[in-house]
Amino acid sequence: MKRIIALLLCLTFAFAAFTACGRAENDNGAIIHMFLSSEIKNFDPATAYKDADAVKMLGILYEGITRINADGDVENAIADDITINEDEDRKEYKMLIELKSTKWSDGTPVSADDFIFAWKRILQPDFSSDAAVLLYDIKNAKPAKEGVAGVSIDDVGITAPDSNLLEIEFEGPIDYDHFLELLASPALVPLREDKVSKPLTDDDGVVQYDENDQMLCDPTWATKATMMVTNGKFVIKTMDDEKENSKYILERNKYYRLTGEEGENELKYVKPHKIIVHYEYLGRDGSGLQGLLDAYNNGEIFYLSNLPLDQIEANRSKLQISDLFSTHTFMFNRSNKTFDSADVRRALSLALDRDHIVSITGGTNKAATGIVPTPVYNTKSGTSFREVQGNILATGANMDEAKSLAKGAASKDIKLVCRDYTLNGVDKLVADYAKEQWKQLGFNVTVKALDRDDYAKAIEEGDYDILSIDYQSNSTDAIGTLAPFAIEYSGAARDTLNNDYSAKPSLAGYTGEAYSALIKEAIALAPYSNERAAKLAEAEKLLMEEMAIIPLQFNTEYYLISEDLSKVDSSIFGYRFFEKAKLKDYEKFLETSAS
């Protein structure tokens, strides 16, 4: 009998030793190797949402009030319970959002104040963000953004009666479901004020100020893994982007949705332990996609976003392709008087064969026939504004008309700035093609392909004539794509230092009064109504007639996913949900994936 008890005790201890550390001594869940995008230098959601590559990471790192799945269904994210209170007698219209209990990656509870800070930051008059229009249903949001006398940022109708309760007051009754849909934008996630507003100091701890005696904030909260905190399922633990053999190591946010109660298991909400995003194959010029494809074929990585151009056709049957809320465009620097002429702007557009552009960049994108991309809604989820409202631009070139319109150009010199870090060098390919086409119109084009820092500097300083840029739509509503071209809704920063609160145009520099009037009329109509869709279509047509921006191609996301990786869901915005991801036989990868 004693021998039997001893044997049972041995088996009990052996089982406990196996399970106490997560099924095996070094097993905290799967470690999934993948490639998502080109490297990201800035993870500030309020600005990085304009970068389609950054959105793929933001969706993993942050969580907002709601989210929209690939089928267009709006789902509660951090929102737990939503109540609408309308009091017609007192003219009060409010939404109460109770937040789920969860924590930032450093263990600090996520609070309603984190949303209030993030949204009010976007609504500050001196902060530039076209996502501001998404919040204009909120009481005093628009006048606060415009710096209207007597209205301050403190008057905006968002408060926190409790740490887990967000109260939003509106100007009047609105389409509340539509508003919750807008809140799914990657730009509207919460942020920590103590991180974002932390003063920048020198090595001696002295706070730094700019030339206007304004205190500088430390930007490393959005650029360095050691300073970054996130409220989503994962957090960046290592970001070796300064090294040739670089990779981002994302680790499960061990505080996500956990309350601290005894017996809680962090695997309940997030299954994988780590996601390792590889860049070491890529090289600084983005030319190493073949190495990534080889690694995928060898079973070393399990998710591959982007392929070498010459390998797309061979892998097309296995590719997953989805439309992005992003349009590859050429944007004019309107300080160049040559572009005061709509005829010249149209000439440059007409000279481009958009079908050819799609062909030379891999054939997965779609020739742009307007500025609003395919997945943006027309009247409801499942309807495409682009498909219903029809094409505005022809996809082929018209050189005869282009030559005729280009004759009156004030100058024939163009500096075309593009990015040298786009995967497969697609930006440079398109820029070089445009150079040859425009040469036939008599233009002398210099193409400048710049790295991330120099590209950002060129935008800031306006050191370009034409800029190759992806125009990212900020919501599923076409108003989010089109409104920023109207000066009143651009969200551009006001010159508060000089007490100049006049409206400024977006980066495109467009100031069409008739266009702005159409957008104002559209915003006054019911969201997703046929009347509003028709008004927005009228506005887009005018925008394209005046060629305020040159749409080139509607961007798509194409990727390979291993048969060993399952339960990966998608957002309508083009990023993946990996919290439920399951990797077959992942245990065999744990030892080699530990670093």
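The preceding data block contains the structure.
Just so you know, these numbers come straight off a predicted model, no measurement behind them.

Reading guide: rules and limits
- Residues numbered from 1 in each chain as written.
- Predicted model: local features only at pLDDT ≥ 70, side-chain atom pairs only at ≥ 80, totals over all residues.
- Heavy atoms only, no water.
- Pairing = 2+ DSSP bridges.
- Helix = DSSP H or I, 4+ residues; strand = E, 2+ residues; numbered from the N terminus.
- Axes fitted to C-alpha atoms, helices over the stretch in contact; angles between N-to-C directions.
- Contact = heavy atoms within 4.5 Å.
- Parallel < 35°, antiparallel > 145°, perpendicular 65-115°, else oblique.
- Left-handed = near helix turned anticlockwise from the far one by under 90°.
- Nonpolar A, V, L, I, M, F, W, Y, C, P; charged D, E, K, R; others polar.
- Core = buried A, V, L, I, M, F, W, Y, C linked by side-chain atoms within 4.5 Å.
- Buried < 20%, exposed > 50% of the residue type's maximum accessible area, 1.4 Å probe, protein only.
- Salt bridge = Lys/Arg side-chain N within 4 Å of Asp/Glu carboxyl O.

Engineer: Outline the sheet that holds strand β7 (residues 165-169), supporting the account with residue identities and numerical values.
Structural biologist: With antiparallel pairing, four strands are arranged side by side in an open sheet as β4-β5-β7-β6. Among the strands making up the open sheet, the edge pair consists of β4 (79-87) and β6 (158-162). Within the sheet, the average angular offset between the axes of one strand and its neighbour, ignoring direction, is 25°. Across three bridges, the pairing between β6 and β7 is antiparallel. From the neighbouring strand, Asp-162 faces β7, where its bridge partner is Leu-165. Of the strands in this sheet, β5 (92-99), β6 and β7 are in contact with helix α4 (residues 112-123), which crosses β6 at around 170°.

Engineer: Outline the packing of helix α9 (residues 342-350) against helix α12 (residues 399-406), supporting the account with residue identities and numerical values.
Structural biologist: The geometry of α9 relative to α12 is characterised by a closest axis approach of 8 Å and an angle of 155° between their N-to-C directions. The orientation of α9 relative to α12 falls into the category roughly antiparallel. Along this stretch, α9 crosses α12, giving a crossing that reads as left-handed. Contact residues: Asp-343, Val-344, Arg-346, Ala-347 and Leu-350 in α9; Glu-401, Ala-402, Leu-405 and Ala-406 in α12. A class-by-class count of the residues in the contact of α9 with α12 yields six nonpolar, no polar and three charged.

Engineer: Which residues make up the nonpolar core, and what values do they have?
Structural biologist: One finds Trp-119, Leu-348 and Trp-438 to be the most contacted residues of the largest nonpolar core, which totals 177 residues. Sequence-distant contacts of Trp-119, defined by excluding residues within four places in its chain, comprise Ile-65, Leu-135, Ile-138, Ile-158, Leu-166, Ile-168, Leu-183 and Leu-188.

Engineer: Account for unusual backbone geometry, naming residues and giving values.
Structural biologist: With glycine set apart, most residues show a phi of negative sign, and most peptide bonds adopt trans. Despite not being glycine, Asn-306 has its phi angle at roughly 85°, a positive value. Topologically, Asn-306 is positioned in the loop between β11 (303-305) and β12 (320-332). By relative accessible area, which is 13% here, Asn-306 ends up buried. Even without being a glycine, Asp-585 presents a positive backbone phi close to 50°. Looking at the secondary structure, you find Asp-585 in the segment after β21 (582-583).

Engineer: Give me the lowdown on the pattern of salt bridges, citing residues and values where you can.
Structural biologist: For the structure on display, the rule yields 30 salt bridges. For Asp-53, the salt bridge identified is with Lys-56, shortest N-O distance 3.5 Å. With Asp-53 and Lys-56 both in helix α3 (residues 52-61) and three residues apart, the pair spans about one turn of that helix. Pair check on accessibility: Asp-53 and Lys-56 agree, each one buried. Ionic pairing is found between Asp-477 and Arg-532, a salt bridge with its closest N-O pair at 2.6 Å. Of this pair, Asp-477 sits in the loop between β16 (466-472) and α15 (478-482) while Arg-532 sits in helix α17 (residues 530-545), and the two are 55 residues apart along the sequence. When its relative accessible area of 2% is taken as the criterion, Asp-477 is described as buried. Residue classification places Arg-532 among the buried residues on the basis of a relative accessible area of 5%. If you follow the salt bridges from partner to partner, you end up with Glu-63, Arg-67, Glu-75, Lys-233, Arg-257 and Glu-579 in one network.

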